[in-house]
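# Structural characterization, general
Each chain, letter by letter, is given below.
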Amino acid sequence: MAGLGAMMMMFLLLGGLVLAAAVVVIGIYNGLVGGRNQVDNAWSQIDVQLKRRHDLIPNLVETAKGYMQHERQTFESITQARSQAMGAKNVAEASKAEGALTDALSKFMLVVENYPDLKANQNFLSLQETLTSTENKIAFARQAYNDAVLTYNNKTQMFPSNIVAGMFNFTKRDFFEIESTAEREVPKVKF
Amino acid sequence: MWEQIRINKRNSMILLTAMAGLLLGLGGLLGYAFVGPQGVGVGILIAGGVWLLLTLISFSSGDQILLASSGAVEVTPEVHPMLFNIVEEMKIAAQLPAMPKVYIIPDPSPNAFATGRNPSKSAVAVTEGLLAKLNRDELQGVIAHEVSHIVHRDILFVTLAGIMLGTIVLLADVFLRGTMYGSHRRYSGRDNNNAQGLMIIIALVAAILAPLMAQILYFALSRKREFLADAGAVRLTRYPEGLASALEKISGSKIPMETANKVTAPMYISSPFRGRQASLFSTHPAPEDRIRVLRAMMHGANYQDYDQAYRSVTGKSGIIPASALKDSEAIPTRQADTRSEPKPQPAAKAQQRILFGDFIRKQQGFAFIDCPCGVKLKLPPNLPTNRVQCPRCKTVHTVTQS
């Protein structure tokens, strides 16, 4: 009789342990899914802003062209960087191409200083604010994305969540570094 | 990491519970004083009931009431593109699920506040004075501070605590008036009941002290939250100097806000009342302290850096909840932003004011007529006549709008 009671106890204890482990695993799993979704969501934000910048450029070039006849090379480098950025296939490629585009735009904005007529143009002024803001939004979206990636990557690498991550194939994500030669930290346009 | 600073607000919870205790205790005491021992339960029920009712009202329409009482006008992006852009930038940085609504308050005093119970339904309001005074980076700092309030759910807390404060003041007021005008007849006949006589005196003292204590609690909570929102703002913008110099300009202004009162004051970025020293009864920390903390952030923009700066400036123990400090990844600050501002352009600022003025007139039903001579006629609704003469070129126009 006593032996049966002890068996029952053992079973109950074992069942309890399995249940507790299952709850922990489910909790970690959900945390990982949440983290991954946040990363994806943050990435789509960057994507939106990058597209907005791509859309802005033809307008900008069109407005500025009339005032800046001698800057064909500047325009060409912008247009080229834009088409390269639009054709990028993965995060690494996009990083590189968007960095080049940021550089080209910075150079363009430096050159603008030499054209007071252009700087007085109302249409250009509003484009300038839109471009400034788009550059900021890209920077802030990147900031949010990298924060999300860091949190998520920590989860996939640290014990004990790394075990669950390994079981369900949660892989590490890449940071989005804009490879700008001028300034690595924040994409900057000098007005 | 955003979640952590929000969840770990034990101190705020303690304060809120203390206020609730104060409210219910006052209710019970007043019940005892009026009716006797059997009135305690009723008193507590009434106090709780009034609080619940006011809370429900404010939850269903509190932000609307606040916005309306401050005279804020919801604007479209065309009215102020830069303001909208900055709000959107901060929305992205803070990963808010939805774009906050944007309001402008026609008030020359520079200030701003945020409302909304949760991050997916929020609003930020800034005064015209603020837009006129600040440059882009400073405005970004202010908006980041407001967005941090939204992320930290401070508005919910301020609403809950503010209503408790309001209820306590209301109960105490009703009781004091009641005893002052009606006490003689009502209580003198029962003077054989000594215990109740004593309770009346205790209740009187409590009715005088409770609102003071509630205010001290409320304002302590509010001051702490201002520091936390500053820390959040820096984490969003990575640029402490923007907010610091904005606070400098705002606190340097001598114009008081016309539409603010003590209960709504904690919602604003800087105390809407001018020329007072920081004390137990201030809703905001002294702006000088906030500015000094921000300027002491030399190395980085994360919570640890803010906490460190806070400790070295104030000499107190830290301000940031411990769990938020665990995120120790270094966040560099960024450099001064020289790109955005095409130097002060008074013409553009004036243009902005005209644009906002017209926006308000349009909402009020004004009719606009562009005269060929270049004058823009702005006509109020319900004109007695439908023929108007241009003051410059004397052309007579017919008003088509009803």
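Residues numbered from 1 in each chain as written. Chains lettered and ligands numbered in written order. Predicted model: local features only at pLDDT ≥ 70, side-chain atom pairs only at ≥ 80, totals over all residues.

### Here's the deal with the overall build of chain B
For chain B, the helix and strand inventory stands at 13 helices and 8 strands. For chain B, buried positions account for 42% of its 402 residues. Across chain B, every contact between residues at least 6 apart in sequence was considered, and the portion connecting residues at least 24 apart equals 66%. (Helix = DSSP H or I, 4+ residues; strand = E, 2+ residues; numbered from the N terminus. Buried ≥ 20, exposed ≤ 12 C-beta atoms within 10 Å, placed from the backbone. Contact = placed C-beta atoms within 7 Å.)

### So, the overall build of chain A
Secondary structure assignment for chain A yields 6 helices and 0 strands. Starting at the N terminus and ending at the C terminus, chain A contains elements arranged as α-α-α-α-α-α. The globule rule puts the C-alpha radius of gyration for 191 residues at 16 Å, and the 26 Å found for chain A is more than 25% above it. Expressed as lengths along the three principal axes of its C-alpha atoms, the size of chain A is roughly 100 × 25 × 25 Å. Taking the intrachain contacts of chain A between residues at least 6 apart in sequence as the baseline, contacts between residues at least 24 apart amount to 78%. (Rg over C-alpha atoms; globule rule 2.2 N^0.38 Å.)

### What about the sheet that holds strand β3 (residues 112-118) of chain B?
Residue and element names in this part refer to chain B. Judged by pairing direction, the sheet is mixed, and its 4 strands sit side by side in the order β1-β2-β4-β3 without closing on themselves. The open sheet has two edge strands, β1 (73-74) and β3, and neither has a second partner. Of the pairings in the sheet, the one linking strand β2 (residues 101-105) to strand β4 (residues 121-127) comprises 5 bridges and is parallel in character. Considered in β4, the bridge of Lys101 is made with Ala123. Running over the sheet, helix α3 (residues 39-69) touches β2, β3 and β4 and is turned about 170° from β3. (Pairing = 2+ DSSP bridges. Axes fitted to C-alpha atoms, helices over the stretch in contact; angles between N-to-C directions.)

### Here's the deal with the environment of Asn135 of chain B
Among the secondary structure elements, Asn135 of chain B is positioned in the loop between α5 (128-133) and α6 (136-151). In the structure, Asn135 of chain B is positioned 111 residues away from Ala246 of chain B in sequence and 8.5 Å away in space, judged by C-alpha atoms.

### A closer look at the pairing of β4 of chain B
Each regular strand displays side chains that alternate between the two surfaces of the sheet. Residues and elements named next belong to chain B. Where burial is concerned, most of β4 is hidden: 6 out of the 7 residues are buried. Direction of pairing for β3 relative to β4: antiparallel, over a ladder of 5 bridges. Bridge pairing in β4 places Phe113 opposite Ala125. The antiparallel hairpin formed by β3 and β4 contains 2 residues in its connecting segment.

### Section: the packing of α6 of chain B against helix α9 (residues 240-252) of chain B
Residues and elements named next belong to chain B. As a packed pair, α6 and α9 sit with axes 7 Å apart at the nearest point and diverge in direction by 95°. Regarding the angle of α6 to α9, the classification is roughly perpendicular. Facing α6, whose interface residues are Asp137, Glu138, Gln140, Gly141, Val142, Ala144 and His145, α9 presents Gly242, Leu243, Ser245, Ala246 and Lys249. (Parallel < 35°, antiparallel > 145°, perpendicular 65-115°, else oblique.)

### Some details on the nonpolar core
Core analysis: the largest hydrophobic core is formed by 103 residues, its most contacted members being Leu26 and Ile168 of chain B. Per element, the largest residue contribution to this core is 18 residues, and it comes from helix α8 (residues 194-237) of chain B. Residues contacting Ile168 of chain B, with those up to four places away along its chain left out, are Leu22, Leu23, Leu26, Ala210, Pro211 and Ala214 of chain B. Membership of the second largest hydrophobic core comes to 17 residues, among which are Ala94, Ala97, Leu105 and Leu131 of chain A. (Core = buried A, V, L, I, M, F, W, Y, C linked by C-beta atoms within 7 Å.)

### Section: unusual backbone geometry
Backbone torsion omega between Phe159 of chain A and Pro160 of chain A reads 0°, so that peptide bond is classified as cis. If you trace the backbone, Pro160 of chain A turns up in the loop between α5 (122-157) and α6 (161-167). Here Arg153 of chain B, not a glycine, exhibits a phi torsion of approximately 60°, which is positive. Residues other than glycine seldom take positive phi values, yet Arg238 of chain B does so here, at roughly 60°. Here Arg238 of chain B falls in the buried class, since 22 other C-beta atoms lie within 10 Å of it.

### Digging into the pairing of strand β5 (residues 367-370) of chain B
The pairing of β5 of chain B with strand β6 (residues 376-379) of chain B spans 4 bridges and is antiparallel. Within β6 of chain B, the position partnered with Asp370 of chain B by the bridge is Lys376 of chain B.

### As for the packing of helix α4 (residues 81-94) of chain B against α6 of chain B
Residues and elements named next belong to chain B. The geometry of α4 relative to α6 is characterised by a closest axis approach of 9 Å and an angle of 45° between their N-to-C directions. In terms of orientation, α4 and α6 fall into the oblique class. When you trace α4 past α6, the crossing you get is right-handed. From α4, Met82, Ile86, Val87, Glu89, Met90, Lys91 and Ala94 reach across to α6, where they touch Arg136, Leu139, Gln140, Ile143, Ala144, Val147 and Val151. Here the residues of the contact of α4 with α6 sort into 10 nonpolar, 1 polar and 3 charged. (Left-handed = near helix turned anticlockwise from the far one by under 90°. Nonpolar A, V, L, I, M, F, W, Y, C, P; charged D, E, K, R; others polar.)

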